[in-house]
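Here's the letter readout for the chains.
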Amino acid sequence: IFPHYFYNMINVLHLGLSFACNMHCKNCFVSKSKDVLEYEDYIRIIDELCQQGLFVVIYTYGEPLLSPLLLKVTAYAKTKGLVQILMTNGSLMDEGWANQLNRNGISKVFVSLDSVKAELHDAYRGYVGSHALAIRAVENCVSANLNVGIAHTITPDNVMGLFDMFGFICDLNVSSASF
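It should be emphasised that the depicted structure is a prediction, and the values quoted were computed from it without experimental measurement.

### Regarding the environment of Asn 140
As for its placement among the helices and strands, Asn 140 is situated in helix 5 (residues 130-143). When the C-alpha positions of Asn 140 and Gly 90 are compared, they lie 9.7 Å apart, and in sequence the two are 50 residues distant. Among residues more than four places away in sequence, those in contact with Asn 140 are Met 93, Asp 94, Glu 95 and Ala 98.

### Notes on the environment of Lys 26
Within the secondary structure layout, Lys 26 lies in the loop between strand 1 (12-15) and helix 1 (39-50). Since its relative accessible area comes to 56%, Lys 26 is described here as exposed. On a C-alpha basis, the gap between Lys 26 and Ala 123 in space is 8.7 Å, while along the polypeptide they are 97 residues apart. Beyond its immediate chain neighbours, meaning those up to four positions away, Lys 26 contacts Ala 123, Tyr 124 and Asp 157.

### Notes on the packing of helix 4 (residues 118-125) against helix 5
It is at 7 Å that the axes of helix 4 and helix 5 come closest, and there the two elements cross at 100°. Taken together, helix 4 and helix 5 sit at an angle that is classed as roughly perpendicular. On the side of helix 4, the interface is formed by Ala 118, His 121, Asp 122 and Arg 125, while helix 5 contributes Ser 130, His 131 and Ala 134. Of the residues contributing to the contact of helix 4 with helix 5, the split by class is two nonpolar, three polar and two charged.

### Digging into helix 3 (residues 95-103)
With a side-chain oxygen positioned 3.2 Å from the backbone nitrogen of Gly 96, the residue opening helix 3 is Asp 94. Taken from the residues just after helix 3, Gly 105 is the one with a positive phi, measuring 85°.

### Focus on a nonpolar patch on the surface
Taken together, the side chains of Ile 154, Val 159, Met 160, Phe 166 and Phe 179 define a hydrophobic patch exposed on the protein surface, amounting to about 550 Å² of accessible area. Relative to the helices and strands, Ile 154 is located in the loop between strand 5 (148-151) and helix 6 (162-171). Ile 154 sits in the partly exposed class, given a relative accessible area of 40%.

### Remarks on the state of the cysteines
Where two cysteines share a covalent bond between their sulfur atoms, that bond is called a disulfide. Applying the stated criterion across every chain, the model contains zero disulfides. Cys 141 takes part in no disulfide bond, and the closest cysteine sulfur, belonging to Cys 21, lies 16 Å away. You can call Cys 141 buried: its relative accessible area is 0%.

### Let's talk about the side chain of Ser 91
For Ser 91, the position within the fold is in the loop between strand 3 (83-88) and helix 3. The exposure class assigned to Ser 91 is buried, which follows from its relative accessible area of 7%. For Ser 91, the side chain forms a polar contact with the side chain of Asn 22, separated by 2.7 Å. Polar side-chain contacts of Ser 91 include one of 2.7 Å to the side chain of Asn 89.

What counts as what
- Residues numbered from 1 in each chain as written.
- Predicted model: local features only at pLDDT ≥ 70, side-chain atom pairs only at ≥ 80, totals over all residues.
- Heavy atoms only, no water.
- Helix = DSSP H or I, 4+ residues; strand = E, 2+ residues; numbered from the N terminus.
- Contact = heavy atoms within 4.5 Å.
- Buried < 20%, exposed > 50% of the residue type's maximum accessible area, 1.4 Å probe, protein only.
- Axes fitted to C-alpha atoms, helices over the stretch in contact; angles between N-to-C directions.
- Parallel < 35°, antiparallel > 145°, perpendicular 65-115°, else oblique.
- Nonpolar A, V, L, I, M, F, W, Y, C, P; charged D, E, K, R; others polar.
- Polar contact = N/O pair within 3.5 Å; in protein donor to acceptor, adjacent residues only side chain to side chain.
- Patch = residues over 30% accessible without salt bridge, like charges linked within 9 Å, V, L, I, M, F, W, Y side chains within 5 Å.
- Areas by Shrake-Rupley, 256 points an atom, 1.4 Å probe, with all protein chains shown as cover.
- Salt bridge = Lys/Arg side-chain N within 4 Å of Asp/Glu carboxyl O.
- Disulfide = S-S within 2.5 Å.

Coordinates in, geometry out; function isn't part of it.
Below is the structure:
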């Protein structure tokens with residue numbers, strides 16, 4: 001399905017299972033349009049790219065936990081031995097989700113956290129209470145023995161709090177951060 005010159009170059013796949021999202025982030029570049037791919041399409045993409053050396057799948061764009069296909073696709077990717085990384089805003093990550101994702105072979109979960117200050121994070125995400133939900137998501141992932149990190153988008157609104165954010169991330173006892 002891809003031109004021959006891409007075959008030896010694709011080792012990492014950023015896979016958007018859905019455009020659906022429950023937040024309205026200021027930096028979002030994802031077009032909120034109708035989802036068009038079916039489960040079989042994702043399997044065909046994964047299979048084709050596995051033949052060409054794929055070893056990492058990053059579930060991103062929209063909010064992956066809103067996709068009805070997430071569990072089926074992650075279960076399939078697990079059978080292929082792929083490293084699976086989930087990017088989430090954390091709003092839906094309860095204990096049940098965290099445990100299921102662990103069973104489905106998710107290697108790492110990155111939870112978005114844009115400020116130490118709840119009001120700044122919530123305003124940036126366009127979702128009141130999103131800061132508390134992100135912290136809860138981290139705790140649920142840690143409890144489920146998932147490798148968890150923080151994804152922090154640096155903006156003009158939060159750059160002055162970067163050192164506070166670094167300390168806050170360390171206090172969360174996560175394994176990594178992406179700035």
